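The chain contents come next:
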Amino acid sequence: MEVVVLVEFEAGAAPARAALLERVGALALSGQGRLSFVATEAGGPDARERDVVAIGLTRAAAAAGLIERWRGEGILTDATPARVLRVQPIWSMEPLALMFP
């Protein structure tokens, strides 16, 4: 994946989250992206819990257009945070391979 799009919803915003997950399913079927994870960020004394949806996309150039389209469709409001993170490839080796080359 070249980029990950993080979208945050107020915890309990099930209809908007479900609509976004449907769109991500279509992206996965077309080979353009995939659902990376869904998590809940714990709220603090002054903050409510938030659901975070991470979507991996194969083309970085598509991220801005998708976010704009989802806002136009009403899935994301103007107040819904959506961030695009570029994935940096790193080299790593499993510990077992290091022990037994």
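See the structure printed just above.
One structure accompanies this document, and this report is about it. The shown structure was predicted, so the numbers you read here are calculated from the model rather than taken from an experiment.

What counts, and where the lines are drawn
- Residues numbered from 1 in each chain as written.
- Predicted model: local features only at pLDDT ≥ 70, side-chain atom pairs only at ≥ 80, totals over all residues.
- Heavy atoms only, no water.
- Helix = DSSP H or I, 4+ residues; strand = E, 2+ residues; numbered from the N terminus.
- Rg over C-alpha atoms; globule rule 2.2 N^0.38 Å.
- Buried < 20%, exposed > 50% of the residue type's maximum accessible area, 1.4 Å probe, protein only.
- Contact = heavy atoms within 4.5 Å.
- Pairing = 2+ DSSP bridges.
- Axes fitted to C-alpha atoms, helices over the stretch in contact; angles between N-to-C directions.
- Expected span 1.5 Å × (residues − 1).
- Arc of directions from axis to C-beta.

**Examining the overall build of the chain**
Turning to step 1, where the next piece is worked out: Within the chain, the regular secondary structure consists of three helices and four strands.
Turning to step 2, where the next piece is worked out: Seen in sequence order, the chain has helices and strands lined up from the N terminus as β-α-β-β-α-β-α.
Turning to step 3, where the next piece is worked out: In summary, the chain has a C-alpha radius of gyration of 16 Å against a globular reference of 13 Å for 101 residues, an excess of more than 25%.
Turning to step 4, where the next piece is worked out: Projecting the C-alpha coordinates of the chain onto the three principal axes gives extents of approximately 55 × 40 × 20 Å.
Turning to step 5, where the next piece is worked out: Relative to its full complement of 101 residues, the chain shows a buried share of 27%.
Turning to step 6, where the next piece is worked out: Put simply, 67% of the contacts in the chain that link residues at least 6 apart link residues at least 24 apart.

**Brief notes about the sheet that holds strand β3 (residues 50-57)**
Turning to step 1, where the next piece is worked out: Judged by pairing direction, the sheet is antiparallel, and its four strands sit side by side in the order β2-β3-β1-β4 without closing on themselves. A strand with exactly one partner marks an edge of an open sheet, and here the two such strands are β2 (33-41) and β4 (82-86). Averaged over all neighbouring strand pairs, the angle between strand axes comes to 20°, with direction disregarded.
Turning to step 2, where the next piece is worked out: Note that strand β1 (residues 3-10) and β4 share five bridges and pair antiparallel. By the bridge assignment, V3 is partnered in β4 with R86.
Turning to step 3, where the next piece is worked out: In the packing of helix α2 (residues 62-72) onto the sheet, contacts are made with β1, β3 and β4, and the angle to β4 comes to roughly 165°.

**Things to note about helix α1 (residues 14-29)**
Structural remark: α-helix, 3.6 residues per turn; residues separated by three or four positions point the same way.
Turning to step 1, where the next piece is worked out: Over its 16 residues, α1 extends 22 Å from the first C-alpha to the last, a length consistent with the 22 Å expected when each residue adds 1.5 Å.
Turning to step 2, where the next piece is worked out: Regarding α1, the residues found buried are L20, V24 and L27. Within α1, the buried residues cover an arc of 50° as seen down the axis, which keeps them to one side. In α1, the exposed residues that point more than 90 degrees away from the buried face are P15, E22 and L29.
Turning to step 3, where the next piece is worked out: If you follow the buried residues of α1, they end up packed against β1, β2, β3 and α2.
Turning to step 4, where the next piece is worked out: Of the residues trailing α1, G31 is marked for its positive phi of about 80°.

**What about the pairing of β3?**
Turning to step 1, where the next piece is worked out: The buried count for β3 comes to eight of eight residues, which makes it a mostly enclosed element.
Turning to step 2, where the next piece is worked out: By the alternation rule, side chains of β3 split into R50, V52, A54 and G56 and D51, V53, I55 and L57, which are all buried.
Turning to step 3, where the next piece is worked out: Where β1 meets β3, eight bridges bridge the pair, whose relative direction is antiparallel. Opposite F9, over in β3, you have D51 as the bridge partner.
Turning to step 4, where the next piece is worked out: As defined by bridge partners, β2 adjoins β3 across eight bridges and the pair is classed as antiparallel. Paired with R34 across the bridge in β3 is G56.

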